[in-house]
Amino acid sequence: MRMIGPVESPRGFGLQDHLCWVHGDGWDHRPRLTGFFSEGLERGLQVAYLGAGNVAELREYLDRLIDVGPLLTREALRIISFDEIYRAGEPVVPAEVMKKYAAATQEALDGGYRGLRISADVTDLVRAPEQQDAFARFEFLLEPYSARHPLSAMCEYRREFGDAVTQFACMHAAVPAGLTPFQVFACDDGAVGLLGEFDAACQAAFNRALQSIQPAPDDSRLTFDMSAVRFMDHRALLALDSYAQKCPVPVVVRSMPRVVRRVARLLGLEHLGSVRTGGS
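Residues numbered from 1 in each chain as written. Predicted model: local features only at pLDDT ≥ 70, side-chain atom pairs only at ≥ 80, totals over all residues. Heavy atoms only, no water.

## Some thoughts on the overall build of the protein
Our working rule: To qualify as a helix, a DSSP run of H or I must reach at least 4 residues; to qualify as a strand, a run of E must reach at least 2; elements of each kind are numbered from the N terminus. Here's how the labels work: a residue is buried when its accessible area is under 20% of the maximum for its type, exposed when over 50%, partly exposed in between, all with a 1.4 Å probe on protein chains only. Only heavy atoms enter the contact rule, under which two residues are in contact if any of them lie within 4.5 Å. We treat Lys and Arg as the positive residues and Asp and Glu as the negative residues; His and chain ends play no part in the count. One atom stands in for each charge, and that atom is NZ of Lys, CZ of Arg, CG of Asp or CD of Glu.
Counting its regular elements, the protein contains 9 helices and 11 strands. Relative to its full complement of 280 residues, the protein shows a buried share of 53%. Within the protein, counting contacts between residues at least 6 apart in sequence, those at least 24 apart form 74% of the total. The protein carries 30 positive and 36 negative side-chain charges, and their two centres are separated by 6 Å.

Pasting the structure below:
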C-alpha cells in the first residue's frame, strides 16, 4: 500500500512511495536520509543518492552526512551524479529523465534487489523559472511510474527555496503535513488522484499542476479521482473544466464528493462527472 497524503516523517515507506521533503542544514538532513536509506536496505532495496558534483565528491559528502554502518560498504549504495541523469543548468526533458530512472530501477532488479530507493536534493535543478515547469512535469511522470514499479523516491528541496516548493510538493503522493493544501497523485489503476482542499489560496498552484498533467501516449482517456477531495471551490472546478476542453483525450471525473457536485451543478458543469471529449 502506497503512502498517500500528509505524513509526519519519512519512516515506514515501502517499495513504491514518492515523497517530497524540505530540509535545512546538514544536521537537519542527516537523520532523515539515514533512516530513509537504512529502511530501504533492510527491505532488500538498492539505495541511490543523486547530487551535484562528481561521484567521489558525493561519496565523501555522504560519508560525513549519514551513518548506516557496514551496509554502506556494499554495492547496495549507489551514488549518481546529476550529470548522468539531468542536463546541467538546463530544463529537464521529463520523458528522457524518466527513462533513466526506469533503467536504474531495472538494473537494481537485475542485480537481485527488490527495487530501487532514491534520494536527491533537487533544489539546484529548479532555481530558474524556465526549469520549474519542466521539472514539475517530470514529478508528475514519476508518480504513475512509482505507483506501478518498485521505485521509491524522496525528492528533497532546501528550505531556502521558500513557498515556491509548493508547486513541486503537490505533485507527490506523500508530503510533510502542512506543506501543501492539496496533492495530485497516481492511483493504482492509472487515474489521477486529487486530495485535500482546493480554494482561492491555492488556485495558482492548482493551475500550474494541471499544466503538468499530460496523458500518456497510449491513454485512451484520462480519469480524475476526487474521492479524497475535502473541498473544491468554483475556481478549481472551472480550471478543471478548461483543462478537460483542451486535453487531447477524453476526460472523466469520478467519485466527486456531494458538496463538490452541488457546486458543479450550480456552475452547469454536471458533464465533469461523465466523459468529456478532448478538444470539444
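## Focus: unusual backbone geometry
With a phi angle near 55 degrees, Ser 255 is a residue other than glycine that sits in the positive phi range. Mapped onto the secondary structure, Ser 255 falls in the loop between strand 11 (251–254) and helix 9 (258–266). Judged by relative accessible area, which is 43%, Ser 255 ranks as partly exposed.

## Remarks on the environment of Tyr 157
Along the chain, Tyr 157 turns up in strand 6 (residues 151–158). Judged by relative accessible area, Tyr 157 falls into the buried class, the value being 0%. When the C-alpha positions of Tyr 157 and Phe 168 are compared, they lie 9.2 Å apart, and in sequence the two are 11 residues distant. What Tyr 157 contacts, discounting residues up to four positions off in sequence, is Cys 20, Trp 21, Val 22, His 23, Asp 121, Val 122, Thr 123, Val 126, Phe 135, Glu 139, Val 165 and Phe 168.

## Considering the packing of aromatic side chains
Heads up, the rule is: The aromatic pairing rule takes the rings of Phe, Tyr and Trp, using the six-membered ring of Trp, and pairs them if the centres are within 6.5 Å, calling planes under 30 degrees apart stacked, those over 60 edge-to-face and the rest tilted. Here, a charge over a ring is recorded when the distance from Lys NZ or Arg CZ to the ring centre is within 6 Å and its angle to the ring normal is within 35 degrees.
Scanning all chains against the criterion turns up 12 aromatic pairs. Relative to Phe 168, the ring of Phe 135 has its centre 6.3 Å away and its plane inclined at 75 degrees; by these criteria the two rings are edge-to-face. Note that Phe 135 is positioned in helix 5 (residues 129–148) and Phe 168 in helix 6 (residues 166–169), a separation of 33 residues in sequence. Residue Phe 168 is classed as buried on the basis of its relative accessible area of 0%. Feature note: the residues Phe 82, Tyr 86, Tyr 101, Phe 135, Phe 138, Tyr 157 and Phe 168 constitute an aromatic cluster, connected by ring pairs. One Lys or Arg, Arg 117, reaches over the ring of Phe 36 and ends 4.5 Å from the middle of that ring.

## Notes on the nonpolar core
Put simply, the rule reads: The set of buried Ala, Val, Leu, Ile, Met, Phe, Trp, Tyr and Cys residues whose side-chain atoms join them within 4.5 Å is what this entry labels a nonpolar core.
In terms of nonpolar packing, the biggest core is built from 35 residues, with Leu 50, Tyr 86, Tyr 101, Phe 135, Phe 138, Leu 142 and Tyr 157 touching the most fellow members. Going through the elements one at a time, strand 2 (18–23), strand 3 (46–51), helix 3 (82–85), helix 4 (94–110), strand 5 (116–121), helix 5, strand 6 and helix 6 are the ones with two or more residues in this core. Broken down by element, this core gets its largest block of residues, 6 residues, from helix 5. Setting aside its immediate chain neighbours within four residues, Phe 138 contacts Tyr 86, Val 92, Pro 94, Val 97, Met 98 and Tyr 101. Listed in part, the 34 residues of the second largest apolar core include Cys 202, Val 229, Leu 240 and Val 260.

## Points about the pattern of salt bridges
Threshold: The term salt bridge refers to a side-chain nitrogen of Lys or Arg lying within 4 Å of a carboxyl oxygen of Asp or Glu.
Enumeration over the complete set of coordinates arrives at 11 salt bridges. A salt bridge links Arg 2 to Glu 143; its shortest N-O distance comes to 3.1 Å. Highlighted residues: Arg 2 in the segment before strand 1 (5–7) and Glu 143 in helix 5, separated in sequence by 141 residues. Overall, Arg 2 belongs to the buried group, its relative accessible area being 9%. With its nearest N and O atoms 2.6 Å apart, the salt bridge here joins Arg 254 to Asp 225. Highlighted residues: Arg 254 in strand 11 and Asp 225 in strand 10 (residues 222–232), separated in sequence by 29 residues. Salt bridges here are not isolated pairs; linked through shared partners, they connect Asp 121, Asp 124, Arg 127 and Arg 158.

## Here we look at the sheet that holds strand 10
So the rule is basically this: A strand pair is defined by DSSP finding two or more bridges across the two strands. To define axes, lines are fitted to C-alpha atoms, for helices over the stretch in contact only, and angles between the resulting N-to-C directions are given on a 0 to 180 degree scale.
With mixed pairing, the 4 strands of this open sheet are ordered in space as 8-9-10-11. Of all strands in the sheet, those bounded by a partner on one side alone are strand 8 (182–186) and strand 11. Across the sheet, the axes of successive neighbouring strands diverge by a mean angle of 20 degrees, strand direction being ignored. In terms of strand pairing, strand 8 meets strand 9 (residues 192–198) through 5 bridges, oriented antiparallel. Counterpart to Val 184 in the pairing with strand 9 is Leu 194. Sitting on the sheet, helix 5 is in contact with strand 8 and strand 9, with an inclination near 50 degrees to strand 8. With respect to the sheet, helix 7 (residues 203–212) is in contact with strand 8, strand 9 and strand 10, its orientation differing from that of strand 8 by roughly 15 degrees.

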